[in-house]
Amino acid sequence: MSDTLSDKRKIKCAKKMRDIMTTYYLDAMTAEQNSKQVAWITSGGPVEPLVAMDIIPIYPENHGAMIGASKMGEDLCIKAEDMGYSSDLCSYARSDISCSIVKGGPIGGLPKPDMLICCNNICGTVLKWYEIQARLYNVPLFILDTPVCHTGYSPEIARYVRAQIDEYITFLEKVTKKKFDHDKMNRVGRLAFEGQQLWRKILNTTAHKPSPMSAFDAFFFLALIVTLRGTQVAVDFYKDLLKEMEQRIEDGISMVPNETYRLLWDNLPVWYRLKWLSTKFSDHNACLVADTYTSAWCSALNYIDEDNFIDSMAEAYTRIYLNIGVDQMADQVLDMIKFYDVNGFVMHSNRSCKPYSFGQMNIMKIIREKAGIPVLMIEADMVDPRNFSKSQVETRIDAFMEIVKQRKA
Ligand code: SF4
């Protein structure tokens, strides 16, 4: 690829996104001086009430991704193991727990929280992880319990989770000593809805052949819909990004030169190997056009009522990808295979993320039977590189791509 071509392929909005993230972290770091409060919240947690209360939400998992991408994960995970935590514990949790003590990582640790908000719609690990941090920082912890919807969303689950949303608001009023502003909540809810709609549209642009961006770009641009959901900043940014994607389609600019094969990715990214994996697939003229991870931040849109966000959020936050049954997950994957018209499915068996990885063998079987496309399983970990064998993954990708090529031919 010539330099000129490579410059042409670069997504211009990336710089703006870096600037927004820098401002966001600076605001959080200086929160105390500006009489603002900080809440640490799990990645699938309902952030909108925090935004409505002017509390700055901070995501230890986003921080974990930054630690992984800056290749600082191994050192921090070892430090957590030296503190007595098992190497089987999620590497986001390990790196966050040790970071709180040593103030390491790319930004010297996260700002001290005033409260912790933990929602177990993504996993059970977060419960113990947040209890540890609540003890360490001596701050109140709110737990939102969302039962797994193996087959559907029952009236009992609906009542149980909805009641906790009221408890959540009472908790925030108590910690901030402020009254909850329902009008502001409605405005924030609409912005959250709009942001997720834009995110979905952006991800959907990759159904175009060739794809204007890859899943590796989606992993990067995901940060705002996670951290700044419910804000005008996120909405404005995603409007610009969508415009840029549409322009790329019009101008025929693809992320992978000579895109010939289209693939779907499952599970979290391997943060410390993004560049290597992207080049590896691109060398085979293959583009990872979509993934099950970034799409999770718009997959519950169907359950949100933008005119009654507070009532509908119970269902939207309970029926997310990691909190549903394996059959439902497989159905979503099958829909994606069809929509993005992919030639193969790449599954990351992630040693850290048990809820994402446990059902993968079943999903693999269903996809092979119903979609009839080749499936590759690679073993790794999103932050801890000790669980990644470059030579083994390389051999598997090469062999998989041979099958993809033969099938297409
Ligand atoms: S186990 Fe998975 S879902 Fe839970 S915190 Fe770790 S990466 Fe996130």
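The structure reproduced in this document is the subject of the present report.

Conventions and cut-offs
- Residues numbered from 1 in each chain as written.
- Predicted model: local features only at pLDDT ≥ 70, side-chain atom pairs only at ≥ 80, totals over all residues.
- Heavy atoms only, no water.
- Buried < 20%, exposed > 50% of the residue type's maximum accessible area, 1.4 Å probe, protein only.
- Helix = DSSP H or I, 4+ residues; strand = E, 2+ residues; numbered from the N terminus.
- Pairing = 2+ DSSP bridges.
- Near = heavy atom within 4 Å.
- Nonpolar A, V, L, I, M, F, W, Y, C, P; charged D, E, K, R; others polar.
- Domains from an automatic or database assignment.
- Expected span 1.5 Å × (residues − 1).
- Phe/Tyr/Trp six-rings, centres within 6.5 Å; stacked < 30°, edge-to-face > 60°.

**Concerning the pairing of strand S1 (residues 38-41)**
Side chains Val-38 and Trp-40 project from S1 onto one buried face, and the interleaved Ala-39 and Ile-41 project onto a second face that is buried too. Both S1 and strand S2 (residues 56-58) contribute to a ladder of three bridges, which runs parallel. The residue bridging Trp-40 from the neighbouring strand is Ile-58, located in S2. As defined by bridge partners, S1 adjoins strand S3 (residues 115-119) across three bridges and the pair is classed as parallel. Across the sheet, Ile-41 pairs through a bridge with Ile-117, a residue of S3.

**Concerning the site of the ligand**
If you check the shell around the ligand, you find Glu-61, Cys-90, Tyr-92, Ile-122, Cys-123, Val-126, Trp-129, Ser-352, Cys-353 and Met-382 and nothing else. When its residues are assigned to classes, the shell around the ligand shows eight nonpolar, one polar and one charged. Here the shell around the ligand gathers at least three residues from each of two domains, domain 1 (2-180) and domain 2 (184-408).

**Notes on helix H11 (residues 232-251)**
Between its first and last C-alpha, H11 extends 29 Å over 20 residues, near the 28 Å set by a 1.5 Å rise per residue. Of all the positions in H11, only Ala-234, Val-235, Phe-237, Tyr-238, Leu-241, Leu-242, Glu-244, Met-245 and Arg-248 are classed as buried. Following H11 by one or two positions, Gly-252 has its phi on the positive side, about 70 degrees.

**A look at the packing of aromatic side chains**
Each aromatic ring pair is characterised by the separation of its centres together with the angle its planes make. For the structure on display, the rule yields 17 aromatic pairs. Both rings, one in Trp-129 and one in Tyr-130, keep their centres 5.7 Å apart while their planes meet at 65 degrees; by these two values the pair is edge-to-face. Across the pair, exposure class does not vary: Trp-129 and Tyr-130 are buried alike. Consider the rings of Trp-199 and Tyr-238, whose centres lie 5.3 Å apart with planes at 50 degrees: the pair is tilted.

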